[in-house]
Amino acid sequence: MSWLFGYKSQAPPQGGGDGGPEPPGPPPSSAGSAGQMAGDANLSKAERKAMEAYRFDSSALERAAEAARTLERSKHAREALELSKLQENTRQQEYLAKVKEYEAHIETSKVEQKRVDHEERRKTLAEETKQQQQRAQYQDQLARKRYEEQLAQQQRVQEENLRKQEESVAKQEAMRRKTIEHEMELREKNKMKLLEAELRAKAKVDRENRDLTLEQIRLKAEENRITVMEGIKTAGSVLGQGATALLTDWNKVVTTVGGLSLLALGVYTAKGATGVTARYVEARIGKPSLVNETSRFSVLEALKHPIETVKRLKHKPTEALQGVVLQPKLEERLRDIAIATKNTKNNKGLYRNILMHGPPGTGKTMFAKRLATHSGMDYAIMTGGDVGPMGRDAVTAIHKVFDWANTSRRGLLLFIDEADAFLRKRSSEQISEDMRSALNAFLYRTGEQNPRFMLVLASNTPEQFDYAINDRLDEMVEFTLPGLEERERLIRLYFDKFVLQPAAEGKKRFKVEQWDYSAVCSKMAKMCEGMSGREISKLGVSWQAACYASEEGILTEQMVLDRCEAAARQHRQKMAWLSEQEKLDHKSITGGKGFLTQ
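Residues numbered from 1 in each chain as written. Predicted model: local features only at pLDDT ≥ 70, side-chain atom pairs only at ≥ 80, totals over all residues. Heavy atoms only, no water.

The name given to the chain in an unreviewed UniProt entry is AAA+ ATPase domain-containing protein, and the organism recorded there is Anopheles maculatus.

Draft legend 1. Looking closely at the pattern of salt bridges. If you walk through the whole model with that rule in mind, you get 21 salt bridges. Across the pair E160 and R163 runs a salt bridge whose closest N-O atoms are separated by 2.1 Å. Taken together, the residues span about one helical turn, with E160 and R163 both in helix α5 (residues 77-208) at a distance of three residues. Taking the shortest distance from any N to any O, the salt bridge between D466 and R426 comes out at 3.2 Å. Linking D466 in the loop between β5 (453-459) and α14 (467-471) with R426 in the loop between β4 (412-417) and α13 (433-445), this pair joins segments that are 40 residues apart in sequence. Assessed through its relative accessible area of 6%, D466 is described here as buried. What makes R426 partly exposed here is its relative accessible area of 27%. Within this structure, E160, R163 and E167 form a network of salt bridges that share partners. (Salt bridge = Lys/Arg side-chain N within 4 Å of Asp/Glu carboxyl O. Helix = DSSP H or I, 4+ residues; strand = E, 2+ residues; numbered from the N terminus. Buried < 20%, exposed > 50% of the residue type's maximum accessible area, 1.4 Å probe, protein only.)

Draft legend 2. Here's a closer look at a negative patch on the surface. Taken together, the side chains of E513, D516, E551, E552 and E557 define an acidic patch exposed on the protein surface. Looking at the element boundaries, E513 is found in the loop between β7 (511-512) and α16 (517-527). (Patch = residues over 30% accessible without salt bridge, like charges linked within 9 Å, V, L, I, M, F, W, Y side chains within 5 Å. Areas by Shrake-Rupley, 256 points an atom, 1.4 Å probe, with all protein chains shown as cover. Lys, Arg positive; Asp, Glu negative; His and termini not counted. Charge placed at Lys NZ, Arg CZ, Asp CG, Glu CD.)

Draft legend 3. Spatial organisation of the side chain of T341. With respect to the helices, strands and loops of the structure, T341 is situated in helix α10 (residues 328-346). For T341, a relative accessible area of 5% gives the class buried. For T341, the contacting residues outside a window of four places in its chain are Y351, L371, S375, M377 and M454. (Contact = heavy atoms within 4.5 Å.)

Draft legend 4. View of the pairing of β5. Burial runs high along β5: seven of the seven residues are buried. Side-chain alternation along β5 places F453, L455, L457 and S459 on one buried face and M454, V456 and A458 on a second face that is also buried. Relative to β5, β4 runs parallel, the two being bridged by five bridges. Counterpart to L414 in the pairing with β5 is L455. (Pairing = 2+ DSSP bridges.)

Draft legend 5. Quick look at the sheet that holds strand β6 (residues 475-478). With mixed pairing, the six strands of this open sheet are ordered in space as β1-β3-β4-β5-β2-β6. What marks the edges here is a single partner per strand, and that holds for β1 (291-294) and β6. The sheet shows a mean angle of 20° between the axes of neighbouring strands, direction not considered. Sheet topology places β1 next to strand β3 (residues 378-383); three bridges connect them, and they run antiparallel. Looking at the pairing, V291 lines up with M382 of β3. Strands in contact with helix α11 (residues 364-375) are β1, β2 (354-357), β3, β4 and β5; relative to β4, the strand with the most contacts, it is inclined by about 175°. (Axes fitted to C-alpha atoms, helices over the stretch in contact; angles between N-to-C directions.)

Draft legend 6. Broad picture of the nonpolar core. One finds I416, L423, F442 and L457 to be the most contacted residues of the largest nonpolar core, which totals 31 residues. The dominant element in this core, judged by the number of residues it contributes, is helix α12 (residues 393-406), at seven residues. Ignoring sequence-local partners within four residues, the contact set of F442 consists of I398, F402, I416, F422, L423, L455, L457 and I469. Core analysis: the second largest hydrophobic core is formed by 26 residues, F495, C521, A525 and L539 among them. (Core = buried A, V, L, I, M, F, W, Y, C linked by side-chain atoms within 4.5 Å.)

Draft legend 7. Here's a closer look at the packing of helix α15 (residues 484-504) against helix α17 (residues 533-549). Running from amino to carboxyl end, α15 crosses α17 at an angle of 30°, the nearest separation of the two axes being 9 Å. Between α15 and α17, the angle is such that the two are roughly parallel. Considering the relative orientation of α15 and α17, their crossing is right-handed. Mapping the contact onto sequence places R487, L490, I491, Y494, F495, F498, V499 and P502 in α15 and G533, I536, S537, G540, V541, W543 and Q544 in α17. (Parallel < 35°, antiparallel > 145°, perpendicular 65-115°, else oblique. Left-handed = near helix turned anticlockwise from the far one by under 90°.)

Draft legend 8. Summary view of α16. For α16, the full list of buried residues reads V520, C521, M524 and A525. Down the axis, α16 shows its buried residues gathered within 140° of arc, on one side only. Summarising the contacts, the buried residues of α16 are in contact with α15, α17 and α18 (557-577). (Arc of directions from axis to C-beta.)

Draft legend 9. View of a nonpolar patch on the surface. Taken together, the side chains of V228, M229 and I232 present a nonpolar region at the surface, about 280 Å² in accessible area. Looking at V228, the relative accessible area reads 44%, which means it is partly exposed.

Draft legend 10. Region of interest: the packing of aromatic side chains. Counted according to the given criterion, the structure contains nine aromatic pairs. Where F367 meets F479, the ring centres are 6.3 Å apart and the plane angle is 50°; that geometry is what we call tilted. Of this pair, F367 sits in helix α11 while F479 is found in the loop between β6 and α15, placing the two residues 112 residues apart along the sequence. Exposure class is identical for F367 and F479. Each is buried. Measuring from ring centre to ring centre gives 5.5 Å for F495 and Y517, while their planes differ by 45°; the resulting arrangement is tilted. Remark: Y517 occurs in helix α16 and F495 occurs in helix α15; sequence separation between them is 22 residues. Given the relative accessible area of 22%, Y517 is considered partly exposed. Ring pairs connect the aromatic residues F402, F422, F442 and F453, which therefore count as one cluster. (Phe/Tyr/Trp six-rings, centres within 6.5 Å; stacked < 30°, edge-to-face > 60°.)

Right under this line is the structure:
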């Protein structure tokens, strides 16, 4: 095994009398080590530490050589050699396995690197796409800004042209007014001169003919006196002779009495016929005194308002919910009522009576008008407060209303606003005999459903109705105050109607500054909590008033918000003024989302 460690076999000993091995001398490293240790004593600590790092220990080699000699003398040397070869092969296989593992790791690293490169490329493409989108958006914003600037420039040019035209028209109007005033002044001077000349000529003629005029007046007075005296004498003689003849002749007396009787009978008959004719004309042509407004055609209304009558005849039926903003469930229910009413009218069926209740200003009257127009019917509007002051005549007036309604050929929608004013409970409230009679007459005329007219009642306090009135109602619809979303839609609608459209039409002293209209409308919708559709429409009118009251006629964002805040403050003050009973009567004043607007 000496070849394994790089040593050759030792030569046999050459000396010694007994033939044994010569005792080994001291290893050269020992002497060297002793000398070296003696020299190291003279070195510093750092130098000794450096020398120890390069010092070679030969004892390990000696032990290895001794082990190799022992192994050569052993009988298992061959097996040890084979075992060493197997170990070497095993180490070679392990080395090859590590090489393959390293190569696999390299391939995995390459795949991972490719994946990372692909991911980086994808991120780069995504970033480039994002940059392109941002660039496109920025370009679009620039284009929009340029377009808005162009529109603003065009608007300024148009306003300047309009201002110049107004100044030119004003100058022309001033010149025309001065010309007309000058012409009128000259015409007035000429008239005065002509009148003065005529008066002078007449006065001169009167002075010249004064004696002749006085003589004519005296002669006319004498002739008139003679004529009157002769007439008195003749009338007296004729009446005396007639009375004498009448009293002396019995036939003439009978004839006179009969003639007077026939005359009285004719007068009484004419009076009755006139009354019947007047009632017929009132039922067929005119309208009852209780009806405040109607779309039904009448000759008297046509003569009073011919233009409005022609427009009404040319008006086409529209959708019942056109321009209406309300809660989806309420909208669906009202649409069903409109469809049923229209089909009932077309099929000549029996109309259903409806009660619409809720806070004021939620559009009950407007929907009733649109329901009648949509169904092809006429509508008539009366107020319950008009019945009480009529006293005993209320019963006759109610019968006239229903007689007039039964004569309608197209069908009539009779809308009674504030119906609770005369249809109150008879058991729990103290009402007069006249009101009780009027209520009984109303109940008598509405006892059965009618194919001629449809009854629609409106009230803010439906709990005050008499039980018999509730029994005659077929549908009850509650109109409640708008919610946040509906208030915003309402404000946008009225802002466009009362502000943007007049500004776009170029009306005098009406301009609007540029601001974010959408954000302001959303803000005002939150400020107007609890307000009805009518109050919001009045808010739109107040915006116009603020613009007209300003010095320059320009409506600013602050002016709009100030008006909205004032309206909200006034609404809260009105609610604070309500008594406890009124708050109970108006218990639905703070709830719901459904409402109407035009």
